[in-house]
Amino acid sequence: MPRSLNPVFAERPVTIFAVMSALANEHGAINLGQGFPDEDGPRALLDAAARFVVEGPNQYAPVTGIPELRQAVARANGRFYGLDVDWERETLVVSGATEGLAASFLAFLQPGDEAIVLAPFYDSYAPMIEAAGARARPINLEPPDWRLAEEALAAAITPKTKLIAVNSPHNPTGKVLADDELALIADVCRAHDLIAVCDEVYEHLIFDGRPHRPLMTLPGMRERTVRIGSAGKTFSLTGWRIGYATGPEHLIAGLVKAHQFVAYTTPAHLQRAVALGLDFGDDYYERFVAEMQQKRDRMRAGLEAAGFDVLPCEGTYFMTVDIRSVGYDGDDMAFCREITQKAKVAAVPVSSFYHPAAPGPRRYARFCFCKKDDVLEEAARRLKSYFG
Ligand SMILES: Cc1ncc(COP(=O)(O)O)c(C=O)c1O
């Protein structure tokens, strides 16, 4: 008899992204399931990284990250959000936002604590909260606008609540939290002395000219918020695994202690290249969001032409559809399998972004649109011919 494994992980399936990507490969489907761009980020960063591999450093970087990148993170906080950040005390380089989130939950939570998550949510949150011995308390948001209701938030708070994880722009829905929703979260954090862990990996992907407003900029939130960004998302380099956390000194100091045992350090040459990217001029950031907005519009038009009701998409590179709108009456998992195998386009079921103890609706599918225009066109053509 093998000895039993940690049920937090053993009882969860492999991620839906791996499942749908494997199915897409097997059936020659266009993979609009997993969220990664099919074109690499800026050539200048690729060239710089290649140069830095040769130049070094190629040994362990400092645990907290190299000063060049931490200084660039502090500057970016000032430039984009008016935040005054001390790079030596208030920043940390992490090995992708996923590691930054995991280290945050391990650093801030203890057995007996509760952490609020807004469902649907990025799939690493609940297992890592539970790995810390804490309980994830999901608030299921309601489509189509996924608004956070004051009563729902109030009902989720208990004397054990320690932390809230906030993701805006939001994966998988493409929602951007409205100012009044941010204000509500801030009120609750202040009233109950909560830590906010803000997953802002899509901070530079908000459409229609809307600015990103970090929760950290709201009154009383600077001292209780850790904001996590991702070079993978901001520079279309998801395989580099570079992220960055910003927060008050006491939280960053705690986070460093978890990070040192989870990742220890992050490749220094890639950090050097990302530092250059954060200092890119506004033209880079404006072009990046404009190109992605065009892709969003192309995807929406294609899905609508195939007969889908498409939910609003204000940011990220994901878009959700109601599968009932094309007359499908099975669940979203079966739908995603069917379109991967038969229409040859892969998507992921939104029901997989919920906590197992609080399942969500089974009628939405998420399509990823950070793909070449001809790939999006071909996917739309296949869906139209399948459902049309
Ligand atoms: C909401 C959200 N958070 C975090 C991540 C992970 O970011 P990283 O690749 O930097 O680990 C993703 C990636 O899909 C995401 O969608």
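Residues numbered from 1 in each chain as written. Predicted model: local features only at pLDDT ≥ 70, side-chain atom pairs only at ≥ 80, totals over all residues. Heavy atoms only, no water.

As recorded in an unreviewed UniProt entry, the chain goes by Aminotransferase and comes from Amphiplicatus metriothermophilus. Under the UniProt heading Cofactor (unreviewed entry), the note attached to the chain is "pyridoxal 5'-phosphate". (UniProt positions renumbered as here; feature names shortened; annotations may be inferred.)

Right, let's get into the overall build of the chain. If you tally the helices and strands in the chain, you get 15 helices and 13 strands. The C-alpha atoms of the chain give a radius of gyration of 20 Å, which matches the 21 Å a tight globule of 388 residues would have. Its C-alpha atoms give the chain principal-axis dimensions of roughly 55 × 55 × 50 Å. By the burial criterion, 56% of the 388 residues in the chain qualify as buried. Expressed as a percentage of contacts within the chain between residues at least 6 apart in sequence, the contacts between residues at least 24 apart total 75%. (Helix = DSSP H or I, 4+ residues; strand = E, 2+ residues; numbered from the N terminus. Rg over C-alpha atoms; globule rule 2.2 N^0.38 Å. Buried < 20%, exposed > 50% of the residue type's maximum accessible area, 1.4 Å probe, protein only. Contact = heavy atoms within 4.5 Å.)

The next point concerns the domain arrangement of the chain. Splitting the chain by domain gives domain 1 (7-40 + 283-387) and domain 2 (43-281). Computed from C-alpha atoms alone, the centre-to-centre distance between domain 1 and domain 2 is 24 Å. Every contact between the two is made by 38 residues of domain 1 and, on the other side, 44 residues of domain 2. A buried area of about 3,500 Å², summed over both sides, lies between domain 1 and domain 2, and 62% of it is on carbon and sulfur atoms. Applying the counting rule to domain 1 against domain 2 returns three salt bridges. D208 is paired through a salt bridge with R296; the nearest N and O atoms lie 2.9 Å apart. At the surface where domain 1 touches domain 2, the tally comes to 19 residue pairs in polar contact (both at pLDDT 80 or more). Put simply, the parts of the chain that give the side of domain 1 that touches domain 2 at least two residues each are α1 (7-10), α13 (282-305), β10 (318-322) and β13 (364-368). (Domains from an automatic or database assignment. Buried area = accessible area lost by both parts, 1.4 Å probe. Salt bridge = Lys/Arg side-chain N within 4 Å of Asp/Glu carboxyl O. Polar contact = N/O pair within 3.5 Å; in protein donor to acceptor, adjacent residues only side chain to side chain.)

Our next topic: helix α12 (residues 268-278). Burial within α12 is extensive, with 10 of its 11 residues counted as buried. Those residues of α12 not exposed but buried are A268, H269, L270, Q271, R272, A273, V274, A275, G277 and L278. Each element contacted by the buried residues of α12 is listed here: α3 (43-55), α4 (67-81), β2 (91-94), α10 (231-234), β8 (243-246) and α13.

Turning our attention to the environment of T15. With respect to the helices, strands and loops of the structure, T15 is situated in the loop between α1 and α2 (16-27). Residue T15 is classed as partly exposed on the basis of its relative accessible area, which comes to 36%.

Read across the open sheet, the four strands follow the order β9-β10-β13-β12; overall the sheet is antiparallel. Whereas interior strands pair on both sides, the edge strands pair on one side only; in this sheet they are β9 (309-310) and β12 (348-349). Inspection of the sheet shows β10 paired to β13 by five bridges, in the antiparallel sense. Pairing of V321 across the sheet is with A365, part of β13. Across the face of the sheet, α13 comes into contact with β9, β10 and β13 while running at roughly 15° to β10. (Pairing = 2+ DSSP bridges. Axes fitted to C-alpha atoms, helices over the stretch in contact; angles between N-to-C directions.)

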